[in-house]
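Here is what each chain is made of, one letter per residue.
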Amino acid sequence: MKIAITGCNGGVGRRVVLWVLKEGHTVVGADYVIAEDTDFYHNPAFTFHPVDLKDFDTTLKVFEGCDAIIQLAAFAQPMDYKTKVHNDNVVISWNVLRAAAELGIDRVALASSVNVLRGVFSTEPIFHYFPIDENHPCEPDEPYGLSKLIAETQANTIVRRYPSMRVASIRIHWFVPTRAHAYRQDYFRVRGDLWGYVQMDSAADAFLRAVTVEMDHWTGHETFFIVAPQLAADEDWLELKEKYFPDVPVKPGWIESGTKGFFDCSKAERLLGWVHTDYA
């Protein structure tokens, strides 16, 4: 399969490109940042296009001849909490989706984020229940999480108009090489992240599965939380929950099932065949 990967030279993009190439696909890389020091730049199965994805016509041209798109191009945090992160991210995600529709590319994966919730970048983390699943309310109070939530709304919009398209919004957690990299001493400060992470190659696997699983597995637009079941913490999740979120209810049956953690990623397992693996 010929797969376009935007933001290919970013931290997430590099690992996704390597994973997709390893699995035998051809990659068309697109990024505003030019980087010739990547491990894949001279790979014959990889071609690179320097491009500003905020320009629709340029975006359209880059995707010609591709079978699928993995959209990773974005600012990955709120920065100054003003306008640029929101505005750039929202324009890029719509351009990618609209270009895919124009070209008849029916398989698209968008990099969303756990920050569609009111989490670590918010003034105060607020969760309505545990474990968090895709039905949990999305209530960001900052521009990065908002831009990701708008991208998901864009995906809902595009599949209504182009019902042959299938779009997956991959809500990844903190993208790290190992669980140890996600450990932080100040548990209170990172409580909005719920002490979570996703191992980078396992996240890359989720993105690839989102565009390669059979089309009859699901249709339209779906969101998926992609989070490790283990915490980057030594305490049990219930101990942390009682200490930092004592008033948040736990859904019936979750504790009794023996499943641990603040996130329920069973939807990704059911529709994508994805289960978190600590590859490193």
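Everything here concerns the structure above.
Everything quoted here is computed from the prediction, not taken from an experiment. Each chain carries its own residue numbering, running from 1 in the direction its sequence is written. Local features in this predicted model are restricted to residues of pLDDT 70 or higher, and side-chain atom pairs are both shown and tallied only at a pLDDT of 80 or more, whereas totals for entire chains, interfaces and linings draw on every residue. Water and hydrogen atoms play no part in the side-chain values, which are based on all heavy atoms of the structure.

### Brief notes about the layout of surface pockets
Buriedness for pockets is judged along seven lines, at least five of which must meet protein on both sides within 12 Å for an open set on the 1 Å grid over protein atoms alone, while cavities are sets there where a 1.4 Å probe fits but cannot get out, and lining residues have an atom within 4 Å of a point. Grid points are joined across faces, edges and corners, and a volume is the space filled by probe spheres set on the points. Reported here for the largest pocket is a volume of approximately 1100 Å³. Ala 74, Phe 75, Ala 76, Gln 77 and Tyr 144 are, among the 40 residues lining the largest pocket, the residues nearest its centre. Within the residue set of the lining of the largest pocket, elements represented by two or more residues are α1 (11-22), β2 (26-31), α3 (84-103), β5 (107-113) and α4 (143-161). In terms of lining, the second largest pocket is formed by 14 residues, of which the most central are Pro 229, Phe 263, Cys 265, Ser 266 and Glu 269. The nonpolar class holds Ala, Val, Leu, Ile, Met, Phe, Trp, Tyr, Cys and Pro. Asp, Glu, Lys and Arg form the charged class, and all remaining residues, Gly among them, are polar. When the residues that make up the lining of the second largest pocket are grouped by side-chain class, the tally is eight nonpolar, three polar and three charged. Where helices and strands are cited, they refer to DSSP runs of H or I of at least four residues and of E of at least two residues respectively, numbered from the N terminus.

### Structural notes on the packing of aromatic side chains
A pair of Phe, Tyr and Trp rings is counted when the ring centres sit within 6.5 Å of each other, with Trp represented by its six-membered ring. The angle between the planes then sorts it: under 30 degrees is stacked, over 60 is edge-to-face, the rest tilted. Applying the stated rule across the entire model yields 16 aromatic pairs. Relative to Phe 245, the ring of Trp 195 lies with its centre 6.4 Å away and its plane at 70 degrees, an arrangement referred to as edge-to-face. Residue Trp 195 is located in the loop between β7 (175-176) and β8 (198-199), and its partner Phe 245 is located in the loop between α6 (237-244) and α7 (266-272); the two are separated by 50 residues in the primary sequence. Here Trp 195 and Phe 245 have matching classes, each one buried. Centre to centre, the rings of Trp 195 and Phe 262 are 5.6 Å apart; their planes meet at 40 degrees, and the pair counts as tilted. Separated by 67 residues along the polypeptide, Trp 195 in the loop between β7 and β8 and Phe 262 in the loop between α6 and α7 bring together distant segments of the chain. Each residue is placed in one exposure class: buried if its accessible area under a 1.4 Å probe, protein chains only, is under 20% of its type's maximum, exposed if it is over 50%, and partly exposed if it falls in between.

### A short note on the pattern of salt bridges
The rule for a salt bridge is simple: a side-chain nitrogen of Lys or Arg has to be within 4 Å of a carboxyl oxygen of Asp or Glu. One pass over the structure, following the stated rule, counts 13 salt bridges. A salt bridge links Asp 37 to Arg 14; the nearest nitrogen and oxygen atoms lie 3.5 Å apart. Here the residue Asp 37 occupies a position in the loop between β2 and β3 (46-50), and Arg 14 occupies one in helix α1, the gap between them amounting to 23 residues. Of the charged contacts in the structure, one is a salt bridge between Arg 15 and Asp 201, with a shortest N-O distance of 2.9 Å. Placement of Arg 15 in helix α1 and of Asp 201 in helix α5 (residues 200-212) is noted, with a sequence separation of 186 residues between them. The class for Arg 15 is partly exposed, based on a relative accessible area of 28%. Residue classification places Asp 201 among the buried positions, given a relative accessible area of 13%.

### Looking at the nonpolar core
The tendency in soluble globular proteins is for nonpolar side chains to be buried as a group. By convention a nonpolar core is built from buried Ala, Val, Leu, Ile, Met, Phe, Trp, Tyr and Cys residues, the set being connected through side-chain atoms within 4.5 Å. Ile 5, Ile 70, Ile 170, Trp 195 and Phe 263 are the most contacted members of the largest nonpolar core, which has 60 residues in total. Considering each element in turn, this core owes the most residues, eight residues, to α5. Only heavy atoms enter the contact rule, under which two residues are in contact if any of them lie within 4.5 Å. The residues contacting Ile 170, other than those within four sequence positions of it, are Leu 110, Ala 111, Ser 112, Ser 113, Ala 206, Phe 207, Ala 210, Phe 224, Ile 226 and Leu 272. Leu 60, Ala 99, Ala 155 and Val 159 belong to the second-largest nonpolar core, a separate cluster that totals 26 residues.

### Re unusual backbone geometry
Across the junction of Phe 130 and Pro 131, the peptide omega takes the value -5 degrees, indicating a cis bond. Its place among the elements puts Pro 131 in the loop between β5 and α4. With a phi angle near 55 degrees, Met 79 is a residue other than glycine that sits in the positive phi range. Following the sequence through the fold, Met 79 ends up in the loop between β4 (68-71) and α3. Using a relative accessible area of 48% as the deciding quantity, one classes Met 79 as partly exposed. Its identity is not glycine, yet Leu 194 carries a phi of approximately 55 degrees, on the positive side. Within the fold, Leu 194 resides in the loop between β7 and β8. A relative accessible area of 1% places Leu 194 in the buried class.

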